[in-house]
Structures are given as structure tokens and as C-alpha cells.
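Structure at a glance
Residue-level listing of the chains:
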Amino acid sequence: MIILDYRDKRPLYEQVGEKLQSLIVKGILEADSKMPSVRALAIELSINPNTIQRAYAELEANGYLYTVKGRGNYVSPDTEWKDGEKAQVFSEVQKLAVRAESLGISEEELLAKIRECYRKAKEQREMRKKTGESEKAEGYRDREKEEREFERKEGEQGKRDGEEDFGRNVEKEEYVEGKESMKKEVEHD
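Residue numbers restart at each chain and count upward from 1, following the sequence in its written direction. Per-residue local features are limited, in this predicted model, to residues with pLDDT of at least 70; the limit for side-chain atom pairs, both in listing and counting, is 80 or more; totals at the level of whole chains, interfaces and linings are taken over all residues. Hydrogen atoms and water are omitted, and side-chain values are computed over all heavy atoms in the structure.

**Observations concerning the overall build of the protein chain**
What counts, and what does not: Secondary structure follows DSSP: runs of H or I at least 4 residues long count as helices, runs of E at least 2 residues long count as strands, and numbering of each begins at the N terminus. Partly exposed describes any residue whose relative accessible area lies between the buried limit of under 20% and the exposed limit of over 50%, with all areas from a 1.4 Å probe on protein chains only and scaled to the type maximum. What makes two residues a contact is simply this: any of their non-hydrogen atoms within 4.5 Å. The Shrake-Rupley method, run with a 1.4 Å probe sphere, supplies the accessible areas, and residue values consider only the shown protein chains as cover.
Along the protein chain, the regular secondary structure elements total six helices and two strands. If you list the helices and strands of the protein chain from N to C, you get α-α-α-β-β-α-α-α. Evaluated residue by residue, the protein chain yields a buried proportion of 18% over its 189 residues. A sequence separation of at least 24 residues applies to 52% of the contacts in the protein chain between residues at least 6 apart. Carbon together with sulfur atoms contributes 51% to the accessible area of the protein chain, which is approximately 14500 Å² in total.

**Notes on the nonpolar core**
Formally: The definition of a nonpolar core used throughout is a set of buried Ala, Val, Leu, Ile, Met, Phe, Trp, Tyr and Cys residues joined through side-chain atoms within 4.5 Å.
In terms of nonpolar packing, the biggest core is built from 23 residues, with Val-16, Leu-20, Leu-45, Ile-52 and Tyr-56 touching the most fellow members. In terms of residue count, helix H1 (residues 12-25) provides more of this core than any other element does, five residues in total. Setting aside residues up to four positions removed in sequence, Val-16 forms contacts with Ile-2, Leu-4, Leu-45, Ile-47, Ile-52 and Ala-55.

**Quick notes on the pattern of salt bridges**
Put simply, the test is: Throughout this description, the term salt bridge denotes a Lys or Arg side-chain nitrogen within 4 Å of a carboxyl oxygen of Asp or Glu.
The tally for this structure, following the rule as stated, stands at five salt bridges. For the salt bridge of Arg-10 with Glu-18, the shortest nitrogen-to-oxygen distance reads 2.9 Å. Among the residues examined, Arg-10 registers a relative accessible area of 29% and is labelled partly exposed. Relative accessible area serves as the criterion here: at 41%, Glu-18 is assigned to the partly exposed category.

**Details of the confidence of the model for the protein chain**
Short version of the rule: The quantity called pLDDT is the predictor's confidence in a given residue, expressed from 0 to 100.
Within the protein chain, residue pLDDT values average 79, and 69% of them lie at 70 or more. The spread of mean pLDDT over the elements of the protein chain runs between helix H6 (residues 135-188), the lowest at 53, and helix H3 (residues 49-61), the highest at 95. Counting contacts from residues 163-172, a segment whose pLDDT is below 50, to residues more than four positions away or on other chains yields zero contacts.

**Comments concerning a nonpolar patch on the surface**
Convention followed: The patch calculation keeps residues exceeding 30% relative accessible area without a salt bridge and links them within 9 Å when they carry like charges or within 5 Å when they are nonpolar (Val, Leu, Ile, Met, Phe, Trp, Tyr).
Residues Val-89, Phe-90, Val-93, Leu-96, Leu-111 and Ile-114 make up a contiguous nonpolar surface patch of about 490 Å² in total accessible area. Among the secondary structure elements, those contributing two or more residues to the nonpolar patch are helix H4 (78-102) and helix H5 (107-130). Considering the arrangement of structural elements, one finds Leu-111 in helix H5.

**Focus: the environment of Glu-60**
Within the element layout of this structure, Glu-60 appears in helix H3. With residues up to four places along the chain from it excluded, the contact list for Glu-60 reads Leu-65, Tyr-66 and Thr-67.

**Remarks on the pairing of strand S1 (residues 65-68)**
Heads up, the rule is: We call two strands paired when DSSP finds no fewer than two bridges between them.
As paired elements, S1 and strand S2 (residues 72-75) share four bridges and run antiparallel to each other. Across the sheet, the residue bridging to Tyr-66 is Tyr-74, located in S2.

**Regarding the packing of aromatic side chains**
Here is the rule: Here a pair means two rings of Phe, Tyr or Trp (six-membered ring of Trp) with centres within 6.5 Å. Their orientation is stacked below 30 degrees between planes, edge-to-face above 60, and tilted elsewhere. Criterion for a charge above a ring: Lys NZ or Arg CZ within 6 Å of the ring centre, and within 35 degrees of the ring normal.
Here the structure, examined in full by the defined rule, presents one aromatic pair. Measuring from centroid to centroid gives 5.7 Å for Tyr-66 and Tyr-74, while their planes differ by 20 degrees, and the two rings are stacked. Judged by its relative accessible area of 27%, Tyr-66 is partly exposed. Judged by its relative accessible area of 16%, Tyr-74 is buried. One Lys or Arg, Lys-34, reaches over the ring of Tyr-74 and ends 5.8 Å from the middle of that ring. Across the ring face of Tyr-13, the terminal group of Arg-54 is positioned such that the distance to the ring centre comes to 3.9 Å.

Pasting the structure below:
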């Protein structure tokens, strides 16, 4: 479900939160669906449960999750978190407008560019619909890509570990053979 990048400078709770948020926004984790327990997800990701708890707390604070006492965490209906997302987008537009004005970009020029970008995004979404590729499928494809990358890295690490184990096993076998031959020599004398 989630693949963490241990080379990323961001804390693990932020990475976990970002991945879960992405799954929620793309609709892979549907509204009112139960989230994995803190313990189960911590075991799956091999990280401290406090890290998962912090990620869940951040998501809850941002409106993506809600908690039912004694039952666990659930995905919030999209109306709750979409309001927060809209507020964030409008805040970014406000910053963009201030920057554009300070650079001397006219209101008409800025609005024309925003309309152009919006149209392109809409066209891309409609193209995905026409080809039968939903955002949900795109999310699954992203997840599959992450899993393949993780398996590739694990495979490379496994090969290195296997080579090290092979070396240890050869040394151990030589040690055992040497020990047995010494026993035979002692018994023979």
C-alpha cells in the first residue's frame, strides 16, 4: 500500500501522511472506509506505531480522517477535506496574484494563463476518461510502479545479502569440515 523512501529527508510520518492523503484524494481509499489499525500498518511498514499515530493525527487535523472511539480511524467524506483543499488552492492563488502584481503582470494576462492551465488539466482528465483510465486506476498504477521499484530494490539488497550469507556459509562449512577432520585425526591417533 505504501512505500517509504528512507533516503528522503522528510520525516516518515510526513511520507506516510502524504501517501495516505494521495490515496484518499484519488478515491482509492473511499469515504467512510476503515483505515488499517495503527499497529497493523506499523507492522506492515516496519516502523514505530507512534509514527503511524502521528500521521493519522495530522490527517485527522486536516480533515481527511475521523476517529470513532474504540473502533479506529475512518476516511472522512470528501466534502470535509475538499473544503480544506479548496482553501489551500485559493491561498496559493492569492500568493500567486500578489507575486504576479509585484512583477507587473496584468490581471488579464494572469487570468488568461490560469484559464489556459485549467483547460489543459480538464482536457487531460477527460482524455483519461475516454481511454478508460480513471484517477483511481492511475492511483493503482502509481502504487504498482512503487511496489515494482521497492521489489527491485529489495531484490538487489537480497542479492547482496545472499552473497554475504553465501560467504558466511562457505566459511562455516570450512570451519565445520576442519573441525571434523581434526576430530578424525584425534580419534585416529
